[in-house]
Amino acid sequence: MGLYDEDYMPEKDEEEVIEPKIKKGKGKIPGPKKFDFNFSGNMRTYLIIVLIALVVIVGFYAIYLYAQPSFADVEFKDNPLVLSEATSTKLYVTIANSEEEAMKNLVVTVKPYDNLSLVVIPSESQEIYVLGPDEKRILEYDVSVVGTVLNGDYSVEVKVKNSKTEYVTYETVTISQE
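Model, not experiment: these values are computed from the prediction.

## Comments concerning the packing of aromatic side chains
Scanning the model with the defined rule gives one aromatic pair in all. A centroid spacing of 5.7 Å and a plane angle of 90° characterise the contact between Y113 and Y170, whose relative ring orientation is edge-to-face. Pair noted here: Y113 is in the loop between β4 (103-112) and β5 (118-121) and Y170 is in strand β9 (residues 166-176), with a separation of 57 residues, a long-range link.

If you want it as structure tokens, here you go:
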């Protein structure tokens, strides 16, 4: 008995026959299982709690972003500021009271975000002791360039503060040489 003997056949067990499994039906190949969104009782409760918490967090964030006081309006007279024409511009801060009660003891502070390039005059805080209902005040500031500055955007911080609220905004002026 050698490796290449023609008469050699391995013995077969007649008892062990493996037949392929054939599904009866329309002859379709089964596809992948689809995800079922039926959750058990505890999982459903946890998902509802998480969704409610998410809605509450998004709601508070939206209120925070859009419910900030809008009683201050800030704008530059000349924006962009062209240095070949002028080295300073005016900044107007308009404080308006749309409430039914008077606003008291407002402190308005205007300062350059970058202290090396711009100067704001007056540099000290200004106070508005009483601002009645439907009343507004316009505060005027001179914003000048200090020395030589590069072309670009420069910001000024405007802070309006009273005993209840502090409102901070930044206004940007674009400075160019020509």
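## Structural notes on a negative patch on the surface
Taken together, the side chains of E99, E100, E101 and D134 define an acidic patch exposed on the protein surface. Tracing the backbone through its elements, the reader meets E100 in the loop between β3 (88-96) and β4.

## Examining the sheet that holds strand β2 (residues 81-82)
Strand order in the open sheet made by the five strands is β2-β9-β8-β4-β6, with mixed pairing throughout. Since the sheet does not close on itself, it has two edges, and those belong to β2 and β6 (126-131), each with one partner. Where β4 and β6 come together, five bridges link them in antiparallel fashion. The residue of β6 that forms the bridge with V107 is E127.

Each value, and the rule that gives it
- Residues numbered from 1 in each chain as written.
- Predicted model: local features only at pLDDT ≥ 70, side-chain atom pairs only at ≥ 80, totals over all residues.
- Heavy atoms only, no water.
- Phe/Tyr/Trp six-rings, centres within 6.5 Å; stacked < 30°, edge-to-face > 60°.
- Helix = DSSP H or I, 4+ residues; strand = E, 2+ residues; numbered from the N terminus.
- Patch = residues over 30% accessible without salt bridge, like charges linked within 9 Å, V, L, I, M, F, W, Y side chains within 5 Å.
- Areas by Shrake-Rupley, 256 points an atom, 1.4 Å probe, with all protein chains shown as cover.
- Salt bridge = Lys/Arg side-chain N within 4 Å of Asp/Glu carboxyl O.
- Lys, Arg positive; Asp, Glu negative; His and termini not counted.
- Charge placed at Lys NZ, Arg CZ, Asp CG, Glu CD.
- Pairing = 2+ DSSP bridges.

Take it as geometry only, folks, not as evidence of what the structure does.
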